[in-house]
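# Fold and contact review
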Amino acid sequence: MRVLFKAAAGILLAAAAVLPVSAQELSIMAPAGPGGGWDQTARSLQNALQTEKLATNVQVTNVPGAGGTIGLAQFVSQNKGKADALIVGGYVMVGAILTNNAPVTLDQVTPIARLTGEYEAIVVPTSSPIKTMGDLVAQLKADPGTVSWGGGSAGGTDHITVGLIAKAAGVDPTKINYIPFSGGGEALAAIVGGKVTAGISGYGEFEQQVKAGKLRVLAVSSPERLPNVDGPTLKESGIDVEVQNWRGVWAAPDITDEQKASLISMIEKVNASKTWQDTLATKGWANTFLAGDAFADVLKQEIEKTTAVLKEIGLVK
Amino acid sequence: MESFDALLLGLSVAVQPQNLFYAFIGVLLGTAVGVLPGIGPALTVALLLPVTFKLDPGGSLIMFAGIYYGGMYGGSTSSILLNTPGESASIITALEGNKMARAGRGGPALATAAIGSFVAGLIATIALTFLAPWVVEIALNFGPADYFALMVLAFTTVSAAFGGSALRGLTALFIGLSLGLVGIDLQTGQARLAFGVPDLLDGVEVTTTAVAMFALGETLYIASLGSRMRETIEPVRGSLWMTAQDWARSWKPWLRGTALGFPIGALPAGGAEIPTFLSYSAEKALSKHPEEFGHGAIEGVAGPEAANNASAAGVLVPLLTLGLPTSATAAMMLAGFQQYGIQPGPLLFSTNADLVWGLIASLFIANTMLLVLNLPLIGMWVRLLSIPRPWLYGGILVFATLGTLGANPSQFELAMLAALGLLGFAMRYFDYPVAPVIIGLILGPLAEQQLRRALAISQGDPAALFESSIAIGIYAVCAIVLFGPVLWKLVQRKNGKTLPA
Amino acid sequence: MTSPTERDVRTPPDRAAYAVAALLAVLSGVIAWDAAHISSTVASYSRVGAAAFPYAIAGLVMACAIGTALAAWRGDFPDREPMEFGPVAWIMGGLVAQIVLVGFAGFSIATGVLFGLTARGFGGKPLWLTIPIGIVLSFLLYVLFSKGLQLSLPQGPLERLI
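Thresholds applied
- Residues numbered from 1 in each chain as written.
- Chains lettered and ligands numbered in written order.
- Predicted model: local features only at pLDDT ≥ 70, side-chain atom pairs only at ≥ 80, totals over all residues.
- Heavy atoms only, no water.
- Helix = DSSP H or I, 4+ residues; strand = E, 2+ residues; numbered from the N terminus.
- Buried < 20%, exposed > 50% of the residue type's maximum accessible area, 1.4 Å probe, protein only.
- Contact = heavy atoms within 4.5 Å.
- Areas by Shrake-Rupley, 256 points an atom, 1.4 Å probe, with all protein chains shown as cover.
- Buried area = accessible area lost by both parts, 1.4 Å probe.
- Salt bridge = Lys/Arg side-chain N within 4 Å of Asp/Glu carboxyl O.
- Polar contact = N/O pair within 3.5 Å; in protein donor to acceptor, adjacent residues only side chain to side chain.
- Pairing = 2+ DSSP bridges.
- pLDDT = per-residue confidence, 0-100.
- 1 Å grid on protein atoms, 1.4 Å probe; cavity = no way out; pocket = protein on both sides within 12 Å on 5 of 7 lines; lining within 4 Å.
- Points joined across faces, edges and corners; volume = space filled by probe spheres on them.
- Nonpolar A, V, L, I, M, F, W, Y, C, P; charged D, E, K, R; others polar.
- Axes fitted to C-alpha atoms, helices over the stretch in contact; angles between N-to-C directions.
- Parallel < 35°, antiparallel > 145°, perpendicular 65-115°, else oblique.
- Left-handed = near helix turned anticlockwise from the far one by under 90°.

Turning next to the overall build of chain A. Each helix and strand in chain A was counted, giving 11 helices and 10 strands. The buried share of chain A, reckoned over its 317 residues, is 56%. Taking as baseline every contact in chain A between residues at least 6 positions apart, the subset at least 24 positions apart corresponds to 76%. A total of about 12500 Å² of accessible surface is found on chain A, and carbon and sulfur atoms cover 53% of it.

This is the structure:
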């Protein structure tokens, strides 16, 4: 009977119309389709806000397309001065705005906080003759064309990181032989199968293969060594590059300072809550929380750095 | 037989009444969402995943498997009955399936799809159980050059299958290739044919195009006949169930579809669409009734439906053995695992054997549940077609736009739907086939990206395209497809036989 | 009126077929024009750049345009059923109405109008009956998929009621 009841409750949760008791309403835009990273972040945020009673009725809307720039444009045009609207986004959006030459940029929204982040890892198959980051850089310097890098889409975090590595190693960034793959699985298969020289992506993508002894980590893009990762940082390997693929949340343009402060304090409460911490643990997201003006400053530097490297790779004119 | 024992243990868990109940609910919910055009199994799973959070791991996996198979099957149902493919893997099903449904043979079409899916799912799950380690070794050897060869094979067989009037078929195919160019070029990040419109940067959505071409184009065409709408839809003519002849014509396509779907699904960039194209082409070439193709040939439903279900099980090969999510659906499955802190990968079979076998057993159960649930419902489904025409077509358009809006709630996407619907209508009016448009749209970008990837890795040396034995083998099959029939005729002629033209 | 062969003497030239050929030629031109404007400064080791496929496809489409024009000239473009514009206009009107309405009136009203106009195109009951039925139907679907399954569908006055 208890089981039946549990199941029935599950169905009710799924099928019943939830009647809101309106106290504080909030809408969160995920500028991506259901299921992806930004969508999961938005829905996790929704769950934490409601469970911790920080807001009573939170709606998530999905506006997919063009690396989040379509959602961003819609968010800015529809929510000017509204204190009850948030948009989720991340480092990928910084690149997408630049490569797509998007008319609406992150300057037009109000930074609230950076929530989570992931560092990039550079890997080779275990059977590869390349043993260290030094070996890879030596080959890159000798003949950049022979080093094929497998990673995500052109102009994305992976591509930007390769550009930064080339630049730091004194190699012309326009000469890198970067091979973009559309899905994580396809790239990973090509890397494990030895179809490309090296692979680059968020460390989480590689973790299982590394543990199983199929891939070797040459370096990670974090400021310090990562716990549970057997590999040096890029800086230790003599490459002065640090990249974090982060996700954060912004509010609408033209909100008052009080409204902004209250939103920041709400997200700070979320970050401190058990619900959110549990979510981070189950999803394997690292907490790189940074709120308000500190986030805004970091964001500004990131945009400048990214613009420079994308111009050098030749993706932005 | 270590794996066999483990499977039995998994099955014994899965057949507990409460788990059967979860499977039932999963199949029901999955089917309900899966019938929406544009919302395929991946999105269905994504939307329903939170529901499974509330259950224990075993029950959750079972409901999950049910949602997945339900989503797949729901897509076929709307393809056959309403000509609105629920997802890209069931586009081919609409070709013959909807023709059958309009001729009163919706019952056998739905039945062969359901049983074919069941048979394919069963065989493929068994193959997954016993062959996964070997299949994955071969799959990992596939590089961009080999994928390009596979695309060449798909193009070759497809143009052989759709070659009614060569000029018309090719024109439709090239229109599809043109649509496939729209958006950001993956290799260089450059926008093509986007004309500065941000909504076009991600390209033309395959499911939107399929729904527009099939459902909308057809609706407009029938409306344009006005008072002369001679075409009458008969809900049922003859048997609601498959006849002996239907069975005889279905079982071989089921097996061939499975044989194509499972290995291609296991390839990291194989996908579920290509095996359906290949299966359709193969069935048309091998059929004793090729003249029925295009007018409702049951083989054209049985083969592709088996192929897409087998490929769904194939996708689990790299996921479970390597932790590689090679499709959107597999990525969602990965998320499903992760909610219990489980990382699929090379170590999964040793560290979480019970859950893996639980999942495989769940697939068996969900597959069976789907059959049990859907066969009795066929009678009800086909009666949908007896709804008076104004309500029926009104409902089809409501469903088509609901699916489109659900996947991407934007006015632009609706406008694309309407514009492509007009194109589909014009093509139908001028008697162009519409299926090659979709095939070009799917295959064109894949072929282009794989070719350029292969050449970039080799630094521009075209010899790299013919270096691997896999690629050479696939090109050999292409040659047989192209020249085999001609040579065969020559041999026959030499033997003094004459062939009917 | 000139006709290429004796056989075709009584049939007028197939204007629609020439129009199809012309449209294909325009498509080919647009693709080639766009390809000419792709300027990639990214290192391309593949030698086959972003513009290669567009040029090839433009060429193939142009070949089809020429083939279609030839078919039209020879008169072997297939015969067509005469078309009635009325019902098509009703349905296209429904689609356009939905696109316009969905932005501010929400999913249910916009889709209800589409339902009503489509039913009208197929000779259904009067609009004052079909549109409300469509709105009720769409609203039920909205509740089911949006509230039940968290699908984000466009909201309007009706949707905000619940």
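Right, let's get into the interface of chain B and chain C. Listed by partner, the interface residues are 65 residues for chain B and 63 residues for chain C. Both faces considered, chain B and chain C share a buried interface measuring about 5700 Å² in area, 77% of it formed by carbon and sulfur atoms. The tally of links from chain B across to chain C stands at 0 salt bridges. At the surface where chain B touches chain C, the tally comes to 5 residue pairs in polar contact (both at pLDDT 80 or more). Contributions of two or more residues to the side of chain B that touches chain C are made by helix H2 (17–34), helix H3 (41–53), helix H8 (166–181), strand E2 (191–192), helix H9 (206–224), helix H17 (389–407), helix H18 (411–429) and helix H19 (435–457) of chain B. If one sorts the elements of the side of chain B that touches chain C by residue count, H17 of chain B sits on top with 12 residues.

This brings us to the pairing of strand E4 (residues 110–125) of chain A. Two faces belong to every sheet, and in a regular strand the side chains alternate between them. All names here are of chain A. Counting buried residues along E4, 15 of its 16 residues qualify, which places the element largely inside the surrounding structure. Pairing of E4 with strand E9 (residues 244–251), which is carried by 8 bridges, proceeds in the antiparallel orientation. Paired with glycine 117 across the bridge in E9 is tryptophan 246. As judged from the 4 bridges shared by E4 and strand E10 (residues 286–291), these two strands associate in the antiparallel manner. Its bridge partner being in E10, alanine 113 is matched across the sheet by alanine 291. Examined bridge by bridge, E4 and strand E7 (residues 198–202) share 4 bridges and lie antiparallel to one another.

This part covers the confidence of the model for chain C. Taken as a whole, chain C shows an average pLDDT of 84; of its residues, 88% reach a score of 70 or greater. Below a pLDDT of 50 lies the segment residues 1–10 of chain C, which in the model reaches 11 contacts outside its immediate sequence neighbourhood of four places, other chains included.

This next bit is on empty space enclosed by the protein. Scanning all chains against the criterion turns up 5 cavities of 30 Å³ or more. Looking at the second largest cavity, its volume works out to about 70 Å³. Of all the elements in the fold, those that place two or more residues in the lining of the second largest cavity are helix H7 (184–192) of chain A together with helix H7 (144–161) and H19 of chain B. Considering every element that reaches the lining of the second largest cavity, the biggest residue donor is H7 of chain A, with 3 residues. Looking at the lining of the second largest cavity residue by residue, the class counts come to 7 nonpolar, 2 polar and 2 charged.

Attention shifts here to the packing of helix H2 (residues 37–51) of chain A against helix H10 (residues 274–283) of chain A. All names here are of chain A. At their nearest, the axes of H2 and H10 sit 9 Å apart, and the two run at 150° to each other. Relative to H10, the element H2 is oriented roughly antiparallel. Relative to H10, H2 is oriented so that their crossing is right-handed. Contacts between H2 and H10 involve Gln40, Ser44, Leu45, Asn47, Ala48 and Thr51 from the first element and Thr275, Trp276, Thr279 and Lys283 from the second. By residue class, the composition of the contact of H2 with H10 is 3 nonpolar, 6 polar and 1 charged.

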